[in-house]
Every structure is written in C-alpha cells, then in structure tokens.
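Geometric and topological summary
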Amino acid sequence: MPATYSYNKKEKLKSRKLLDQLFTKGKSVSAFPLKVFYGVLPAETTETVQAGVGVSARNFSKAVDRNRIKRLLREAYRLNKTALHDALHAQQKKAAVFILYVGKEKPEFATLNEMMPLVLQKLIAAIAKS
RNA sequence: CUACAAACCCGAGCUAUCGCUCCGUGUAAGCGGGGAGGAAAGUCCGGACAGUAUAGAGCAACCCACCGGUUAAGCGCCGGCUCUUGGCUAAGCCAAGACGAGAAAGUGCCACAGAAAAUAACUACUUCCGAUGCAAAUCGGGAGAAAAGGUGAAAAUGUGAGGUAAAAGCUCACGGUCCCGGAAGGUAACUUUCGGGAUGGGUAAACCUUGGGUACUGUAAUGCCAUGUAUAGGACUGUUUGAGGGCGGCUCGUUCGAGGUCCAGGGUAGGCAGCAAGAUCACGUCAGUAAUGGCGGGGCCAGAUAAAUGAUAGUUUAGAAACAGAAUCCGGCUUAUGAGGUUUGUAGUUUU
RNA sequence: CGGGACGUAGCGCAGCCCGGUAGCGCACACGUCUGGGGGGCGUGGGGUCGCAAGUUCAAAUCUUGUCGUCCCGA
C-alpha cells in the first residue's frame, strides 16, 4: 500500500495513448462541477489507480487560473482517494481515471473537498457494476 | 494638510501538519539542499544555438533612413543637431514630441466654396480696332496685366521706392526660402559668415526616386537509441524524348537525377542528448557627461514533459486582497498591476 | 512555437485598395391597406466605425501602438 495521502509521479496518468483511449472509448460519471472519465489499466501496471486532472482552456483562458484549479483538484483527490483505492483493491481491478473540472466559476477548496468524495463514490459504484 | 495624475521603488514574513518536483547521499526507510516573474505575458525588434544552403545574372519582394557613441546585435539605449508645439517671457532658457533622405526627376490627388487649386484672366483695370451716338458713353472683338476682389486648410516670396497706358522681381533697397562655391568652429549632423545665382503651393504614414541593407527554417530545430507495421494495395505519371528536386520568391542558367503525386489502409506516438555556469548575479572600485565598459574578490540561483510552489491552522502588520505561472536561452520594447513608500505636477483648504 | 484574418446600427454585412456624402437587409417605432391578425406599402429613429496617438486642410479609410475575437500549421 502506498502512503495514505500521497500523489506522486507513479500515480499520475501520463501516457498519451491511454489518455486518447480514455476520451474516445472511456465511460464517465459526473457530479457537478466535476466529471470523471474512467477506464481499465493494462494488467502490467503496478499501481492500482492512475489519475489525472484537467481544466478546459475554453472556460479559463488564463494559465494562472488553470494551474490553481488543477492544484486544488490534485489536493482534493489526494485527501479523498483512500476509499477508491480500497474498493478497487477488494475487486482486484486497476483503473485509469481523469478528473475534469467543467464549472465556469473559480472554485473554493472547501467545495471541491466536499464534492470529491461524492463523485468518487459514484465512480466506485459504476466500476463495481461493469 | 487633503484629493487627483504621472514616474520610479517594492511585489509579505514566520511557525506547525499533510503533500509536489529536481539534485545529493543511502540497499531501503529516510535525511540534507534548490524550487516562478517584474512583467514569466504580448510576440513587436535584435541575437545566441541548431539544421539546410553557401556557381552566377536579371527582375521582383521586404526592411532601414539627421549625426556621433554604446553593444554580441538592434527599429534598443545614451549624448548632440535641426524642426514643431507649449511655457517663461523674450535675440535666450526650460519641457515634450519627431514614422527626421528627396516635392528643384516624373505621375497622381487637393472634397465643398471659389474666376482660378498650379501651363491662374471671372469681375474690376489699361489700351487698340469696329459699330451706335453731337457728346458722355454703351456694345462686340483683340491685346496687355497677378496691383484690387468675395471663397478656402492653402491663392503664386514680404515691406518700401522707382517705373508704366495700366501693371508686374520689370528694376532697386532691406528681408524670407532654396541652390552653388569659399572661410572659421565642430569627429560629424550642423552653426556663424562672405560671394554668386534662383524665386519652383501642399501631399512621399499617394505611386515613386535616391542611398544602405536582407540566405531560409525554427528546440515539436537537430542528433541518437528503442518499439512496431504490409519486402504494403490501387490510380496517374516518368527513367536521356528527363518525372521530380537543390541553388532565398520568379525567369534564365546550372546541377543532382529514378523515382514522384494522389487515394485507401496499417503501425508508432518510450527514452537519452539538446537542457541550464551564463554577452551570469549582487558588491566594491576605476574610466566616461551618460548609455556602457574594465578590474577585483565572492555566489551558483527552477528545469518539468498532462507538465513541480499547494492545502489547512496560527501569528506579525492595518484587513494578505493587485497584475499574473517558466517550457531552448539571453538583450531590449510594449502592455497589465492592490496597499505602502519616494519624487514631481495640478487643484483646494488653513496659517503666516 | 510559428503564421493569418476580423472588430462599422440590436443582429448579419458593404464602404477601406485609390482619404472629403456612413450605407444595405432583417429587427424597432409611426402611418396606411384589412372587421381583426398575418402580410404588403410608405415614413422615421438609431452608429464613440474596438481603443489611443500620429500624418494630413481633412481619417471608418493611411501609419504606429494597443485590446479583444476567430482560424490555420507543426
């Protein structure tokens, strides 16, 4: 098991190929203002979950705002990811996840920290069905 | 003292917990250290670096445009010159700006108004001829003439005198502007001055002319390693009757030359170098009016590849709230910017 | 990282090259035709020409800077 609240390089979704697959073929669940794309990781991956975060440049034209939102998303994911990890571990599954912020207002950390567990619960439910 | 405007400076600090990225060390856990900006932005100039090219001629295209300095370079910066505008008040000084070669090579344009907007004759003026008339004068035709005239952004070099039928730089004097030649000062632009000549409206951010200059492409460049597919299908075209490519865009010319173009489909989309010690940073000192440069000892100061600086709590300050996030790197320019500070200017109030 | 185009009335566009009057369609207001609506016809209002500076007698138009929007290539 990795450290409880870590979010380092290995846990990030980095492969351009996987990202393309995720957006073209992957499924998604959403809980406004968050939207999560998910898919299955190749079997040889060592990590249980690889996750990425993103914001649309269309909604936030300034790089400072996008960086800020991505930092908040990473922070929220880092603090709430334990449930997802445990669930996947129990089901012997490995998932690729991409969390997208689709709102148009700059968020507060507190609201993101509330929404993140909700959307992750939805995600766990959706993965359990498939 | 208050308010406003402009320029410049500055662009929060500390503690705890949980995290991110790079480097060092370590088998590992961990430990230690570095970690966004003055604009990192716009991409407007200039370079470094890299690849390709580096026979030639003509044409085209683009850029620059007072002088000197500075620099790796520049359409930057510094200093000066000239002009324009404003102020003080005046033969000067101060401030700001200049896309600051040429309108005396040519072409074009100058609305409205006005006779006329660039080979000026409409009115008025002078004169000659003819007609009418006793005459004054009127009418018609020709010539002279830019001195007077409303207009307009702009009207043919200004004032005075002579001159004439009436006039006119037609002539003269003093000026304005321009050209040529000389002298003095200045590195130069240029300034002052002497002599001679000319008198030509504006516009080149209209075409253009003159002088000078310009290889192209950009770090997703480029070099290397690895993985993988179809030694792979169709159509058209070509192999000395030369397809296609290189030589800056075109033409000529020259050279390489056996493949080239399109359609459909398949695969890869890891990694390493480039990549961060440099036209470097701050300090001191010297040279220079300054920009800037020399010297001295000292420091090492982001380096990712979905892309690192954050979250929470406390605290200091007056309430952490501005503009804003490196992506090859530098030098400039431009634009954005809260609070506070400094300086300058404007306005108002109070006191003397 | 590099390249290009566009900002004109509420909306969509012309005018810009080659400077002097800002125009077209829809929409809007009023009138009229109709018993009324729709529709037709007529009249009218409405524009800091994105912003700033400059050139010029004069700028939507030319030049420079700047802001915004959109597109393209790798």
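This text follows the structure it describes.
Here goes a summary of the coordinates provided. (Residues numbered from 1 in each chain as written. Chains lettered and ligands numbered in written order. Predicted model: local features only at pLDDT ≥ 70, side-chain atom pairs only at ≥ 80, totals over all residues. Heavy atoms only, no water.)

1. Considering the overall build of chain A
Within chain A, the regular secondary structure consists of four helices and four strands. In chain A, the succession of α and β elements from N to C terminus is α-β-β-β-α-α-β-α. Relative to the 2.2 N^0.38 estimate, which gives 14 Å for 130 residues, the radius of gyration of chain A is 14 Å and therefore close to what a compact globule would have. Each of the three principal axes of chain A carries a C-alpha extent, and together these read 40 × 30 × 25 Å. The buried share of chain A, reckoned over its 130 residues, is 44%. In the structure as shown, chain A presents an accessible area of about 7800 Å², 53% of it carried by carbon and sulfur atoms. The centroid of the 24 positive side-chain charges in chain A is displaced by 6 Å from the centroid of its 10 negative side-chain charges. (Helix = DSSP H or I, 4+ residues; strand = E, 2+ residues; numbered from the N terminus. Rg over C-alpha atoms; globule rule 2.2 N^0.38 Å. Buried < 20%, exposed > 50% of the residue type's maximum accessible area, 1.4 Å probe, protein only. Areas by Shrake-Rupley, 256 points an atom, 1.4 Å probe, with all protein chains shown as cover. Lys, Arg positive; Asp, Glu negative; His and termini not counted. Charge placed at Lys NZ, Arg CZ, Asp CG, Glu CD.)

2. Comments concerning the protein's contact with RNA strand B
Near RNA strand B, the surroundings consist of 21 residues, among which Lys 9, Lys 12, Asn 67, Arg 68 and Arg 71 are the closest. For RNA strand B, the backbone portion of the atoms within 4 Å of the protein, that is sugar and phosphate, comes to 83%. Contact distances for RNA strand B include 3.2 Å between a phosphate oxygen and a side-chain N or O atom of Arg 74. Between RNA strand B and Arg 78 there is a distance of 3.0 Å, counted from a sugar or linking oxygen to a side-chain nitrogen or oxygen. For the surface near RNA strand B, the elements supplying multiple residues, two or more each, are helix H1 (16-25) and helix H2 (63-80). At nine residues, the largest contribution of residues to the surface near RNA strand B is made by H2. Among the residues forming the surface near RNA strand B, the class breakdown is seven nonpolar, three polar and eleven charged. (Near = heavy atom within 4 Å. Polar contact = N/O pair within 3.5 Å; in protein donor to acceptor, adjacent residues only side chain to side chain. Nonpolar A, V, L, I, M, F, W, Y, C, P; charged D, E, K, R; others polar.)

None of the figures reported here should be taken as evidence of function without further support.
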